[in-house]
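Structural features, examined
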Amino acid sequence: MNIINLFWISLAIGFATPQNNSSLSGKWILKCYKDIILKEEECTSMTDSEIPITIEFKDNGKIGKLTGRTEYNFVYGEYEIPDSNKIIMKNVGGSKVNELGKFGNKFLPAMKHSSSFSFHKGCLIIFYDNDTKAMKFINAKLD
């Protein structure tokens, strides 16, 4: 195993270190998409878009609702947390205005295919596509 593979394994283990593994409650701003297999990361800054992509989770540690917005659309849904750090999205949808931003185009499909989550250095990481990809969020209150 080479040093690069060890780096990515340690990074994935770091993502898996939860701060509070029983709740997603809070408001978050999407900063990056990461393909864990291809080791590609795409991040945004406020210069990329005037309206950040945000999501707010409200749950009791087992079931919850989410609301949010992309640059042009609203997002909503429900979710369950069946086990520590696992997530099942239900009834995730949103408005259907043509999403022009490249980050916004990926957001709803990624949310629909979410499979687990973790917290790392104050950031929320939501894994999707069978944990092969991830979205990194920062706390909206800290931005």
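Use the structure listed above.
Residues numbered from 1 in each chain as written. Predicted model: local features only at pLDDT ≥ 70, side-chain atom pairs only at ≥ 80, totals over all residues. Heavy atoms only, no water.

1. Considerations on the overall build of the protein chain
What counts, and what does not: Only DSSP runs of H or I covering at least 4 residues are called helices, and only runs of E covering at least 2 are called strands; the numbering of each starts at the N terminus. Only protein chains enter the accessibility calculation, which uses a 1.4 Å probe; a residue is then buried when its area is under 20% of its type maximum, exposed when over 50%, and partly exposed in between. Whether two residues are in contact is decided by their heavy atoms, any of which lying within 4.5 Å being enough. Every accessible area reported is derived by Shrake-Rupley at a probe size of 1.4 Å, with residue values counting cover from the shown protein chains alone.
Helix and strand content of the protein chain: two helices and nine strands. Counting helices and strands in the order they occur from the N terminus, the protein chain gives α-β-β-β-β-β-β-α-β-β-β. Expressed as a percentage of the 143 residues in the protein chain, the buried residues total 42%. Across the protein chain, the fraction of contacts at a sequence separation of at least 24, relative to all contacts at a separation of at least 6, is 51%. Only carbon and sulfur atoms are counted for the fraction: they give 57% of the accessible area of the protein chain, which is about 8,100 Å².

2. Remarks on the state of the cysteines
Quick note on the threshold: Our working definition of a disulfide is a cysteine sulfur pair at a distance within 2.5 Å.
Within the structure shown, the criterion is met by one disulfide. For Cys-32, the disulfide goes to Cys-43, at an S-S distance of 2.0 Å. Residues Cys-32 and Cys-43 are joined by a disulfide whose S-S torsion is about 105°; by sign, that bridge is right-handed. Taken as a pair, Cys-32 in strand β1 (residues 26–35) and Cys-43 in strand β2 (residues 40–43) lie far apart in primary sequence, 11 residues in all. The exposure class of Cys-43 is partly exposed, given its relative accessible area of 38%.

3. Observations concerning the environment of Asp-35
Selection rule: Here a polar contact is recorded for every N or O atom pair within 3.5 Å, except that within protein the pair must consist of a potential hydrogen donor and a potential acceptor, and residues adjacent in sequence are included only if both atoms are side-chain atoms.
With respect to the helices and strands, the residue Asp-35 is situated in strand β1. Of the residues examined, Asp-35 reaches a relative accessible area of 15% and is grouped as buried. A sequence separation of 99 residues divides Asp-35 from Ala-134, and the C-alpha atoms of the two residues are 6.6 Å apart. Ignoring sequence-local partners within four residues, the contact set of Asp-35 consists of Glu-40, Thr-132 and Lys-133. Engagement of the side chain of Asp-35 in a polar contact is seen with the backbone nitrogen of Leu-38, the distance being 2.8 Å.

4. Some thoughts on the side chain of Thr-54
Tracing the chain through its elements places Thr-54 in strand β3 (residues 54–59). Contact partners of Thr-54, with chain neighbours within four places excluded, come to Lys-27, Trp-28, Ile-29, Thr-67, Gly-68 and Arg-69.

5. Here we look at the packing of aromatic side chains
For clarity, the threshold we go by: Stacked, tilted and edge-to-face are the three classes assigned to paired rings of Phe, Tyr and Trp, where Trp is represented by its six-membered ring and a pair needs centres within 6.5 Å; plane angles under 30 degrees give stacked, over 60 edge-to-face, the rest tilted.
Per the counting criterion, the structure on display carries five aromatic pairs. Centre to centre, the rings of Trp-28 and Phe-119 are 6.1 Å apart; their planes meet at 45°, and the pair counts as tilted. Here Trp-28, found in strand β1, pairs with Phe-119, found in strand β7 (residues 114–120); they are 91 residues apart in sequence, far enough to count as distant. Look at Trp-28 and you get buried, because its relative accessible area is 6%. With relative accessibility at 6%, the residue Phe-119 sits in the buried group. The interplanar angle of 70° and the centroid separation of 6.4 Å between the aromatic rings of Phe-107 and Phe-137 together place this pair among those described as edge-to-face. Taken together, the residues span a long stretch of sequence, with Phe-107 in helix α2 (residues 102–112) and Phe-137 in strand β9 (residues 133–139) at a distance of 30 residues. Each member of the pair Phe-107 and Phe-137 is classed as buried. Among the aromatic residues, ring-to-ring pairing joins Trp-28, Phe-117 and Phe-119 into one connected group.

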